[in-house]
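Close look at the chain arrangement
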Amino acid sequence: MFWVLLLLPAWAVAGAACTRLCLAAVRAAAVDADAGQARDLTLYEAAFLSGGPGRVADLTLVAMARQRRLLLAHTGWATVVDPRGRDEMERSVIGAIGPEGQSRIAPVRAAAAAADAVRGLADRLVSAGLAVPDGTRTTVAAGVRQVRGAAVAVLVLGAVALLMPASPNVPRTLVALWFALPLALTLSCLAIARIEVHPYSRWASPAGQRLLGALARHADGDGDDRTYLTSVAVRGIRAVDEPELRAAFAHREPYGRG
């Protein structure tokens, strides 16, 4: 009956891991359930939900460049034309360029992405249930990893139990069946998590993604300046069609992985 001593930790590991993942999934679902009524996203909000802080900085630079209030040279330099920012994001960009009015795009983008204005935007989106809190993403991912580890542990313990000398009163098929139960629990939990948790992107919650989807449908084709900037917010710099402007952003450095 030594195999029972292996079955007990197999059940304990599987049960603890699945419980942790279920609790994390419930907390993640609560973010979506608490989301407010459907509303229109601002361009900055759409940029953050699509690509994070770096995308917000890119959008601000492109918008100011198209309005000729900022010159972005193909060599990777930014020059201030109009030092009066129209909102917090623009003032962050101008402040990042510095008092000389000229700077490389890469440090400007990094400083603007880390500015208080972007952090405040992120906090508001999280409070509205449109962005995924860092803790939620980490908890769910850690829960999935723990369940995967539990499945491997159950397999190992089951294999050890089956390799032990057989008991005349307990056939091996019955031992295998007992270990198959916690294994089935972990595998089914992973399958459910894949269905329920996969809608979360790095930045947008399911509610945020629904609003982004509605916004993206209006970002295709020719249109006014807002349509163009909407495309940049949703798709990033690859939506920029001016060769000079695309060349300028070729010198940028990534902000994290956003």
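Everything below is about the structure shown above.
Here goes a summary of the coordinates provided. Not measured: the values here are computed from a predicted model.

**Notes on the overall build of the chain**
Scanning the chain from N- to C-terminus turns up ten helices and three strands. Its helices and strands in sequence order give the chain the pattern α-α-β-β-α-β-α-α-α-α-α-α-α, from N to C terminus. Relative to its 258 residues, the chain shows a buried fraction of 45%. In the chain, the proportion of contacts linking residues at least 24 apart, taken out of those at least 6 apart, comes to 72%.

**Quick notes on helix α9 (residues 225-235)**
Of all eleven residues in α9, eight are buried, a share of seventy percent or more. Of all the positions in α9, only Thr227, Tyr228, Leu229, Thr230, Ser231, Val232, Ala233 and Val234 are classed as buried. Looking at the buried residues of α9, the elements they touch are α2 (43-66) and α8 (206-216). With its phi angle positive at about 90°, Gly236 sits one or two positions after the end of α9.

**Focus on the sheet that holds strand β3 (residues 102-104)**
Spatial ordering of the open sheet is given by β1-β2-β3, a layout of three strands whose pairing is antiparallel. Here the strands that pair on one side only, and so sit at the sheet edges, are β1 (70-72) and β3. Each neighbouring strand pair of the sheet contributes to a mean axis angle of 20°, computed without reference to strand direction. The pairing of β1 with strand β2 (residues 77-80) spans three bridges and is antiparallel. Bridging across to β2, Leu71 finds its partner in Thr79. Packed onto the sheet, helix α4 (residues 105-113) meets β1, β2 and β3 and runs at close to 90° relative to β3.

**Considering the side chain of Glu45**
In this fold, Glu45 is placed in helix α2. For Glu45, the side chain forms a polar contact with the main-chain nitrogen of Thr42, separated by 3.0 Å.

**What about a positive patch on the surface?**
Together, Arg20, Arg27, Arg145, Arg148 and Arg194 make up a region of like positive charge exposed at the surface. Summarising the element assignment, Arg27 is placed in helix α1 (residues 2-33). Its relative accessible area of 48% is what places Arg27 among the partly exposed residues.

The rules behind these values
- Residues numbered from 1 in each chain as written.
- Predicted model: local features only at pLDDT ≥ 70, side-chain atom pairs only at ≥ 80, totals over all residues.
- Heavy atoms only, no water.
- Helix = DSSP H or I, 4+ residues; strand = E, 2+ residues; numbered from the N terminus.
- Buried < 20%, exposed > 50% of the residue type's maximum accessible area, 1.4 Å probe, protein only.
- Contact = heavy atoms within 4.5 Å.
- Pairing = 2+ DSSP bridges.
- Axes fitted to C-alpha atoms, helices over the stretch in contact; angles between N-to-C directions.
- Polar contact = N/O pair within 3.5 Å; in protein donor to acceptor, adjacent residues only side chain to side chain.
- Patch = residues over 30% accessible without salt bridge, like charges linked within 9 Å, V, L, I, M, F, W, Y side chains within 5 Å.
- Areas by Shrake-Rupley, 256 points an atom, 1.4 Å probe, with all protein chains shown as cover.
- Salt bridge = Lys/Arg side-chain N within 4 Å of Asp/Glu carboxyl O.
- Lys, Arg positive; Asp, Glu negative; His and termini not counted.
- Charge placed at Lys NZ, Arg CZ, Asp CG, Glu CD.

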